[in-house]
Amino acid sequence: MNQRFFLLLLALLLPVEAYAQLSVNFQANASVAGPRIVLGDIAVIKPAGEEAQAVAQLPVASSPAPGKSKELYTVSVINSLRNRPEVADVDWQGSQSIVVQRKGNRVKQEQLQAIVDQFLKENSASLPQTEIRFTSLRAPEEVTLPAGKLTWKVTPSRPGILGSSSFSIAFAVDDKPATTCVVRGRLEVVAEVATAAVTLHKGDVISENSIVMQKLDIGGLQKPFTAKEQLLGMQVARTVNAGTPLEEAHIAMPTIVKSGEMVKIVARKGAMQLSTSGLAKTDGRLGEMIQVKNISSNKLIHCRVDGPGMVSVEF
């Protein structure tokens, strides 16, 4: 059997794949999801097998930004791989250039608005009985993020939401931080709140006739009152004009101990407790410290107001 006949017989007996040359056929267009492009993204590699899989994983370039494209030239790709032994005998075929498009999550402006609206809806239970609207929207026309599972976290510009003029949306893709965008606008929070029915002066005690409930935009208010019962019997801390929404800063606890009033002094030291009579030297509100004259000793002491006619001191 001569050598030529032996080689022919061997070729007939062995699988065709054993002698098939690996071919890399470049495609004119390709798409990728990740941050780098490998040979298998831009070409069809045959015949299939372990060798083809290894060649397919060879990196050739970085990917464009999410949602963007870039053009690769075949000759540049081949030159970048010329020192790789895996492609020493490859048959290069196909397109002379490849346009690579990177997949991405596109979030349009109306979707950003919807994200903020949903956040407000989910947090409405922590606000007074209100109608909430976020208007005059200023936001990016579109935010493009890498492909993958998209999640986000919304943070208002002011704690408690009321008074916020913007909302930050922190996006994550596959649980990894991606980007943050800011949505600006006007937050309208319409609620029924207590307003001054007449001009209220410092020291006035609030009664039913002092206040009226009105529906107003409370977005710019600091801790308004949403029920009359919250205010009845309270004192006005400073002058408030008629029609002004009442806020926490306008109100003070009522005076429950008056200067010159006889009070009961409770003196405590550990488990011991004694009581005596005293004379209040100043007005006092609940929890305030005032001067009281001890009738027994004729001494002035600082006591805490605990209730009408009741003060206490710790020794």
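Reading the values: the criteria
Residues numbered from 1 in each chain as written. Predicted model: local features only at pLDDT ≥ 70, side-chain atom pairs only at ≥ 80, totals over all residues. Heavy atoms only, no water. Helix = DSSP H or I, 4+ residues; strand = E, 2+ residues; numbered from the N terminus. Buried < 20%, exposed > 50% of the residue type's maximum accessible area, 1.4 Å probe, protein only. Contact = heavy atoms within 4.5 Å. Areas by Shrake-Rupley, 256 points an atom, 1.4 Å probe, with all protein chains shown as cover. Lys, Arg positive; Asp, Glu negative; His and termini not counted. Charge placed at Lys NZ, Arg CZ, Asp CG, Glu CD. Salt bridge = Lys/Arg side-chain N within 4 Å of Asp/Glu carboxyl O. Core = buried A, V, L, I, M, F, W, Y, C linked by side-chain atoms within 4.5 Å. pLDDT = per-residue confidence, 0-100. Pairing = 2+ DSSP bridges. Axes fitted to C-alpha atoms, helices over the stretch in contact; angles between N-to-C directions.

**Things to note about the overall build of the protein**
For the protein, the helix and strand inventory stands at 5 helices and 24 strands. Per-residue burial over the protein gives 34% buried out of 315 residues. Contacts in the protein between residues far apart in sequence, at least 24 positions, make up 58% of those at least 6 positions apart. Per element, the accessible surface of the protein, about 18,800 Å² overall, is 52% carbon and sulfur. Placing the 34 positive and 29 negative side-chain charges of the protein at their respective mean positions leaves the two points 7 Å apart.

**Thoughts on the pattern of salt bridges**
Opposite charge on two side chains lets them pair, provided their charged atoms get close. One pass over the full model with this rule turns up 9 salt bridges. Note that E142 and R106 form a salt bridge whose closest N and O atoms lie 2.9 Å from each other. With a gap of 36 residues between them, E142 in strand β11 (residues 142–146) and R106 in strand β9 (residues 104–108) connect regions that are remote in the sequence. E142 gets classed as partly exposed once you look at its relative accessible area, which sits at 30%. Under the relative-accessibility criterion, R106 is labelled partly exposed at 43%. For R285, the salt bridge is made with E288, and the minimal N-O distance between the two is 3.7 Å. For R285, a relative accessible area of 26% translates into the label partly exposed. Salt bridges sharing common partners tie together R106, K108 and E142.

**Here's the deal with the nonpolar core**
Within the largest apolar cluster, 26 residues are counted, with the highest numbers of intra-cluster contacts made by L112, L120, F167, I169 and F171. Mapped onto this core, the elements with two or more residues apiece are α5 (109–122), β11, β13 (166–173) and β14 (176–196). If we ignore the near neighbours within four places in the chain, the residues touching L112 are V107, A139, P140, V143, I169, F171, C181 and V183. V24, A30, I45 and V87 belong to the second-largest nonpolar core, a separate cluster that totals 22 residues.

**Some points on the side chain of S23**
Its place among the elements puts S23 in strand β1 (residues 23–26). Relative accessible area serves as the criterion here: at 16%, S23 is assigned to the buried category. Residues contacting S23, with those up to four places away along its chain left out, are V44, I45, K46, D91 and Q93.

**Observations regarding the confidence of the model for the protein**
Looking at the protein as a whole, the pLDDT averages 88, with 93% of positions reaching at least 70. When the criterion is pLDDT under 50, residues 3–12 qualifies, and its contacts beyond four places in sequence or with other chains add up to 2 contacts.

**Observations regarding the sheet that holds strand β20 (residues 272–280)**
Spatially, β19-β20-β22-β23-β24 is the arrangement adopted by the 5 strands of the closed barrel, whose pairing is mixed. Across the sheet, the mean angle separating the axes of adjacent strands is 50° when strand polarity is ignored.

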